[in-house]
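# Descriptive analysis of the structure
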Amino acid sequence: MPTSCSRTSVFVAIFVLMLASTALNAQSLGASGSIQGKVVDASGAVIPNASVDVHNPVTGFQRTTTTDATGSFVVRNLPQNPYHIFVKAEGFAAQQHDVDVRSGVPIDLAITMKVTGANTTVEVESNGGSLLESDPSAHTDVDEKVMSRIPMENTASGLSQLITLSSPGVVADSNGFFHPLGDHAQASFSIDNQPIGDQQSRVYSNQIAPSAIQSLELITGVSPAEYGDKTSLIAVATTKSGLGLTRPTGSVSFDYGSFGSAGTTLNLGVGNAKFGNFISVNGLQTGRFLDGPEFQPLHDRGNSENAFDRLDYQISAADSLHLNLFAARSWFQIPNTFDQQASGQDQRQQIKTFDIAPGWTHLFNAATLFTVNAFVRQDRLQYYSSSNLFSDQPETAGQGRRLTNSGLKTDISYAKGHHNFKAGFQYSHTALSENFRFGITDPTINPVCLDNAGAAVTDPTITDPNTCAAGGFSANPNLQVGLVPFDLTRNGQLFQFKDNGSIDQQALYVQDNVTIGPWTWMLGVRGDHYAGLTEKYALNPRVGFSYHLGKTNTVLRGSYARTLETPYNENLLFSSATGSGGLAANIFGATVTAPLQPGIRNQFNAGFEQALGKFLVIDGDYFWKYTHNAYDFNVLGDTPIAFPIAWNKSKLDGFSIRVSTPDIHGFRAYTSIGHTRARYFNPEVGGLFFDNNPPTGVFRIDHDQAFQQTTNIQYSFLKKMGGFASFTWRYDSGLVNGSVPDYATALSLTADQQSAIGLFCGNVFATLATPITSCSDPNRGATRINILPDGTENDDKNPPRIAPRHLFDMGMGFDNLFRTDHYKWNAKLSVVNLTNKSALYNFLSTFSGTHFVTPRSYQASIGFTF
């Protein structure tokens, strides 16, 4: 394994020289910024108790404060977006300003108000210009108010659900998993400037709860140079803060719903001008924790608990500290099929997560800010087999895996005039620990001998193919000899794998957003070094532009990026190992055993943003991505042990469109649309591959989906009671499903599997008791997957797919039931899958198996805010 200590020193030295060359003229583009200022009259006298309202009409973000005795105000922790500022005071004419928060450097305003002799009230209205952002990269902004009103299932992956329902081009998958713009899982999170690149679905990690998030920016275009690793989607999250809250503010809520689901959430923020503390604690227990292989939940109970704590301390006007603490645990059963339930299968999993992320910022002057963020995050996963190993069919497996990521991110930025400049350095060390055990529990999976009819001989005493002839049998030509010692039906023992390793990564980046008139130029470059099981250096430019046509309220944009794509870390050691004596090839029969290499991607984007009057914004983007070493996942047999692999290359292209409105008399809506072609090219070039007849040519990967759309409509009513209603319509045209290329293959499935896909022959449907074994009726097919006519399947042009589905969700509630001022009771009712549609996410997927969508479920919530 290559060492990187000396190379790390070189990167650090280069970074120090970079800082010196900029003369410390820089500022951090962190996840949030601030607006501050002073309100005075025409004579210069300060105006205390003036109301200052900060509002973004597109995201719905709104914050109101008042000036102090010196006429000063400050609004902190603002997501990076344009804002409309409305200031009013008794006896003065209202003042309005538009500002653009694009960095961590505070925006300082001097506001002079004219005397009118009477209080002037002016409604804050958005205009066409304020609805647009001249950003060269496509992105979606989501505020906490909009998030809280989207009807969703109460799960341990609420953040992933929000991303899927809010961002165009994102394909929904089971258990909080999503596929961004044609990729399997090339998504990263930035939580208050902490980079997180590991997978965040329910079966891999524990997520921060949406109740701790103030806003989200979802970058789906070319990302700025500060972001690396996995860049198809960057979720930039700003968490809530207690800074400036002079009295305790928070909420407590209790939920109960279908499948015996019960949950509770506690949020508490408290602070003053110098100190702030925000805490969010969440708990959930449910009878349907994961999306299972049957529409009816079987063996699917689980619980999760998590706590997030953010502390802020304003040391001085120039220095501030913050500390994010996160701890979470989830325990859940692995859902069964009807067959597995009958055999008594009892597999379970536990995940423990902790995260510690301190940060420091120093303001050199009004334009320059220095930021340092350190972090350590660990996911510890335990997968437990059934106590009776033979209840696990056809194989049994247990797993213990630990992934610890620690590092440092520091940057210095400068925001003034035409420039919004940033230079930074990032270092991360990922420690990997993998431990699993495996055994065969079905004697027909890897038989040593076959009888005269070609059936498996299950005699447990036969372990040598050379003895088959003596018993009147023939040797199995497909026998994997290396697995025979681990066949528990032949008195074998469990195979044990254990390995440890580490990955070091360093990155230097420089970027500048230059605004000159209607033009905005994104200029950046990132240098990456990856040193793990393999090693690679890359210099990656990021460039883009936008042009604002003021007369038509139109923004045109285009961008290009070259990125270093890094392998997934989950079971990376096993995937890249041949081991002593050829572990992968000699024991598991792998035909490819190459360590995973980092990939190189070239990405092009072109798009537009169009405001139609004051009431509508249309944002469209086209993307084209070409990647050498395109990543995917494989699994070990029929076990949960998934590991990364790489194909020769991939070509991904498609478009995304989002149509949205600001708040119009209580009405707000958006529609997100996406189309993707995800074409992958053989052969497999990295990781383990077990097919003795490897495929050739081009194929559509199983996360390819031709079309998806999400429409969400929200309406506010009874203003004093805070009434609201929300409706979501989600359509998915269906993922590629290569497991059933034709009807003949469907006939070979078990009765349980045929029932799951809704297989039919004429008017006869397969059931658990009566599978369909033959069919001559031309009216044949399946209700939950599309089975192609014989001879028409083509891996690239016409792949088989999951059947399309329409899902509808509804929510309704009141934020202030009793119309009180400070202490408010609230209530909410949500219905997920309103029509109780029985549909599949996937079927016998190589990566994840079979999963149904959530049946119709209800959730009622009552809470108290203060």
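What you see is a predicted model, and the numbers here were worked out from it, not measured in a lab.

## Re the overall build of the chain
- Assigned secondary structure in the chain consists of eight helices and 47 strands.
- In terms of overall dimensions, the chain is globule-like: its C-alpha atoms have a radius of gyration of 29 Å, near the 29 Å expected for 866 residues.
- Seen through its principal axes, the chain has C-alpha atoms that stretch 110 × 60 × 45 Å.
- Going through the 866 residues of the chain one by one, you find that 58% of them count as buried.
- Counting contacts in the chain only where the partners sit at least 6 residues apart, residues at least 24 apart contribute 69% of the total.
- Accessible surface computed for the chain: about 33200 Å², of which carbon and sulfur atoms make up 58%.

## Some thoughts on the sheet that holds strand β7 (residues 107–113)
- One open sheet holds the three strands; their spatial order is β4-β1-β7, and the pairing between them is mixed. Edge positions in the sheet fall to β4 (72–79) and β7, since each of these pairs with one other strand and no more. For this sheet, the mean angle separating the axes of adjacent strands, direction not counted, is 20 degrees.
- The pairing of strand β1 (residues 32–41) with β7 spans seven bridges and is classified as parallel. Each residue of the ladder has a partner; that of Gly 37, found in β7, is Leu 109.

## A word on the state of the cysteines
- The tally for this structure, following the rule as stated, stands at two disulfides.
- The disulfide partner of Cys 761 is Cys 775, and the S-S distance across this bridge is 2.0 Å. With the S-S dihedral at roughly 90 degrees, the linkage between Cys 761 and Cys 775 falls on the right-handed side. Taken together, the residues span a long stretch of sequence, with Cys 761 in strand β38 (residues 759–761) and Cys 775 in the loop between β39 (764–765) and β40 (780–782) at a distance of 14 residues.

## Regarding the side chain of Asp 312
- Mapped onto the elements of the fold, Asp 312 is located in strand β18 (residues 302–314).
- A distance of 2.9 Å separates a polar atom in the side chain of Asp 312 from a polar atom in the side chain of Ser 241.
- In this structure Asp 312 touches Ser 241, Leu 243, Lys 274, Phe 275, Gly 276, Leu 321 and His 322, once residues within four positions along its chain are discounted.

Calculation criteria
Throughout this document, residue positions are counted from 1 along each chain, in the order its sequence is written. With the structure being a predicted model, the display of local features is reserved for residues of pLDDT at least 70 and the display and counting of side-chain atom pairs for 80 or more, all residues being used for whole-chain, interface and lining totals. Neither water nor hydrogens contribute to the side-chain values; these are computed over all heavy atoms in the structure. Secondary structure is summarised from DSSP: a helix means a run of H or I of at least four residues, a strand means a run of E of at least two, and numbering begins at the N terminus for each. Radius of gyration here is computed from C-alpha atoms only, and the compact-globule reference equals 2.2 Å multiplied by the residue count raised to the power 0.38. With a 1.4 Å probe rolled over the protein chains alone, any residue whose accessible area is under 20% of its type maximum counts as buried; one over 50% counts as exposed, and the rest are partly exposed. Whether two residues touch is decided by their heavy atoms; if any such pair falls within 4.5 Å, the residues are in contact. Only the protein chains shown count as cover for residues, and the accessible areas themselves come from Shrake-Rupley with a 1.4 Å probe. In short, DSSP must find at least two bridges between two strands for them to pair. Orientation is described by axes fitted as lines to C-alpha atoms, over the contacting stretch for helices, and by angles from 0 to 180 degrees between their N-to-C directions. Only a pair of cysteine sulfur atoms within 2.5 Å counts as a disulfide in this structure description. Here a polar contact means two N or O atoms within 3.5 Å. Within protein one must be a hydrogen donor candidate and the other an acceptor candidate, and residues neighboring in sequence count only if both atoms are side-chain atoms.

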